[in-house]
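Chain by chain, the residues:
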Protein chains: 2
Amino acid sequence: MATIRDVAKLAGVSVATISRYLNKSGYVNVETEQKIKKAIEALNYEPNAVARGLAGKKTNTIALILPDISNPFFPELARAVEDVASMYGYTVILCNSDDEGVKEKSYIEVLKKKYIDGIIFASNTLDSADVEQMTKKGIPVVCLDRVPPKQSCSVVRSKNREGAKLAVEHLLSMGCRKIAHIYGPQEFITAKERLVGYEEAVKHLAWYSPTFMVQGDFRIEGGIRATELLMERHPDVDAIFAGNDLMAVGALKALHRMGVQVPGQVAVCGFDGIGMTEITQPELTTVAQPIYEMGALVSRILIKKIEGTLEADQTYELDVALVPRESTLRRNGHESS
Amino acid sequence: MATIRDVAKLAGVSVATISRYLNKSGYVNVETEQKIKKAIEALNYEPNAVARGLAGKKTNTIALILPDISNPFFPELARAVEDVASMYGYTVILCNSDDEGVKEKSYIEVLKKKYIDGIIFASNTLDSADVEQMTKKGIPVVCLDRVPPKQSCSVVRSKNREGAKLAVEHLLSMGCRKIAHIYGPQEFITAKERLVGYEEAVKHLAWYSPTFMVQGDFRIEGGIRATELLMERHPDVDAIFAGNDLMAVGALKALHRMGVQVPGQVAVCGFDGIGMTEITQPELTTVAQPIYEMGALVSRILIKKIEGTLEADQTYELDVALVPRESTLRRNGHESS
DNA sequence: TAAGCATGTGGTACCGGTTACATATAAAAT
DNA sequence: ATTTTATATGTAACCGGTACCACATGCTTA
């Protein structure tokens, strides 16, 4: 591989001029430019990114730290992040934290040593102290679904509370009268907000009781167990709003095993809008987050922050949308009217 | 951040000694070692990975080039790759090629400039010339499901032909008598091999005709269309073996829309073993590839190759396993006997 | 006793870029 | 006519490591 010095020699100018030409920093005469172009062409020169990184402390690399890429929520997000990153000339390093603080911190250490330009966190373990420390060290951070108390970084999230209300309203409009909720682990803000949204939407209703809320684990298995518990406790439930799609799938499975008709006897609604919801039988109604857009946005924000064109840190709350499908379709609903 | 020179100064030795200590190359006196340890501790010194990369042309970074992380086959693979990579101290860069040669080549260019240590290809566009060129430039490559004619790199794949036969045999044993096949795009070797396996397994049967093979696109939509075409052509089909799980899901959807009972009238079997197969209704029988193991293996091989402990390039053919589930469960099958 | 070798350490060129600073020329401003 | 100013280019230090080579010491071996 040719180096910048080779090019300088062949073009008959100094390395500084080549560098200036390459980075469009400083003056370069048009004729000199031509000579340089030719030399570069002739030598098939490509500037070395690592050397650049060392000299300029900029590597055009960002990291995406998420709990687990196998979790169906994240592939689409990752895809979006990578799409816009590559569009802006950045490369993406993938890290699976399993939501374990230790792993996260160890990744952060490695990434710092690699002069990574910025980090996207889609994780719940991170505490605001970490974020602050990162920012202090000059590493831009953008978070997903996490609001560090002291707003030390930008955040992208979606309207969980509103989404939960949408779900409940939809179920009510479909004629459901006893709507239960399977909520996710309360250390996840998303789970908490959705639970709050649900409560706000149903607490004024006559039948309301805290026993209609059961804990799940944001996974299929937890959805199954929660549904079993729920149906035992309240055999008269006619709708289940699950805190995420995986648990809704679990609910579907559990109800099917029990011989309960969906949506006939019990309607089911999920949250997230992952692809899976389209392949269940019946297809699953869900409150869809704009997953790809969230990834694209978070990536764009990070890059802006890296390149210094971001005015101030901000929280972006994206709209969610109810996607009505078969699992909540009740002929006696008001929606049809 | 402290540098190696700071440490050297504080410890009262030369940078060379520090470097030797850090890399355990060459001699370092035990007492000197203690002094160095103290200095490193005191300064909270961490060697700079970029500088190391520049000096040693080794970055402890590998790249994973795959068509699309959103495709449900890949997240688990990516997870496995990252797991073992991080276990060995490597970091993973994620690249989505969309199976487009241009994108792949452009990624390769970028990665070379970054002194990446090796590449894992899970892509079908790459031709053997590319692989050879990489290897010539000293960048280790390992491929997934791709056999470059000239064995210039290691390959990890699974037994597609055998898997297809397993599927057909299973369907036959469940009492199916007219088994159709939806095959994937023939530029994918996997698709081709599965088709061959199917043909070999059914061609000697009385009912066999090429019209039982329909083309799909390896996606849900293609599975739906192929199934529609198929059922119109052969209303007497009693089993569909799809070339991958996504198309099998499509088949399930299409059959459900047509009011055809699965597995009652038509049994459905997929291929791959992605998570989706467990959430369909009925749950989908599939020929499971050991996806995680494939990712782990391919990653381990690459790292061995990078570290020079791999004797020779080799092709690893992993076993597949039939996972019988509800979608092929027929009471009149022999399996129960 | 001299050569040979394992141990231990330092000096410094090198990896391949960036960039501050010095320098030079021609045109514009005073 | 002199000072500015914009244009243009080169020199060399620097980023933070690695590693080759030189050199010193103490002990074994011929």
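Going by what an unreviewed UniProt entry lists, chain A is known as LacI family DNA-binding transcriptional regulator and is assigned to Paenibacillus ehimensis.

We now examine the interface of chain B and chain A. With 47 residues of chain B at the contact, the number on the chain A side is 47 residues. Taking both partners together, chain B and chain A bury about 3,800 Å²; carbon and sulfur atoms supply 56% of that area. Across the pair E46(B) and K113(A) runs a salt bridge, and its minimum N-O distance is 3.2 Å. Put simply, chain B and chain A have 28 residue pairs in polar contact (both at pLDDT 80 or more) between them. Elements that contribute at least two residues to the side of chain B that touches chain A include exactly α4 (49-56), α5 (74-87), β2 (91-96), α6 (101-113) and α11 (245-258) of chain B. Residues of the side of chain B that touches chain A, tallied by class, amount to 21 nonpolar, twelve polar and 14 charged.

A word on the protein's contact with DNA strand D. Around DNA strand D sit 29 residues, and of these S14(A), Y27(A), T32(A), I4(B) and R5(B) come closest. Backbone atoms, meaning sugar and phosphate, make up 59% of the atoms of DNA strand D lying within 4 Å of the protein. Between DNA strand D and S14(A) there is a distance of 2.7 Å, counted from a phosphate oxygen to a backbone nitrogen or oxygen. Between R52(B) and DNA strand D, the recorded distance is 2.8 Å, taken from a side-chain N or O atom to a phosphate oxygen.

Attention shifts here to the protein's contact with DNA strand C. Close to DNA strand C lie 30 residues; I4(A), R5(A), S19(A), Y27(B) and T32(B) are nearest. At the protein interface, 59% of the atoms of DNA strand C within 4 Å belong to sugar or phosphate. At 3.2 Å, a side-chain N or O of R20(B) approaches a base oxygen of DNA strand C. At the level of elements, α1 (4-11), α2 (15-23) and α4 (49-56) of chain A together with α2 (15-23) and α4 of chain B are the ones that each hand at least two residues to the surface near DNA strand C. Of the residues in the surface near DNA strand C, the class split is 16 nonpolar, nine polar and five charged.

In this section: α2(A). All names here are of chain A. Buried within α2 we find T17, I18 and Y21. Across the axial projection of α2, the buried residues extend over an arc of 100°, all falling on one side. Looking at the buried positions of α2, the neighbouring elements they touch are α1 and α3 (30-43). Once α2 finishes, K24 follows within two positions and takes phi at roughly 50°, a positive value.

Rules behind the numbers
- Residues numbered from 1 in each chain as written.
- Chains lettered and ligands numbered in written order.
- Predicted model: local features only at pLDDT ≥ 70, side-chain atom pairs only at ≥ 80, totals over all residues.
- Heavy atoms only, no water.
- Contact = heavy atoms within 4.5 Å.
- Buried area = accessible area lost by both parts, 1.4 Å probe.
- Salt bridge = Lys/Arg side-chain N within 4 Å of Asp/Glu carboxyl O.
- Polar contact = N/O pair within 3.5 Å; in protein donor to acceptor, adjacent residues only side chain to side chain.
- Helix = DSSP H or I, 4+ residues; strand = E, 2+ residues; numbered from the N terminus.
- Nonpolar A, V, L, I, M, F, W, Y, C, P; charged D, E, K, R; others polar.
- Near = heavy atom within 4 Å.
- Buried < 20%, exposed > 50% of the residue type's maximum accessible area, 1.4 Å probe, protein only.
- Arc of directions from axis to C-beta.

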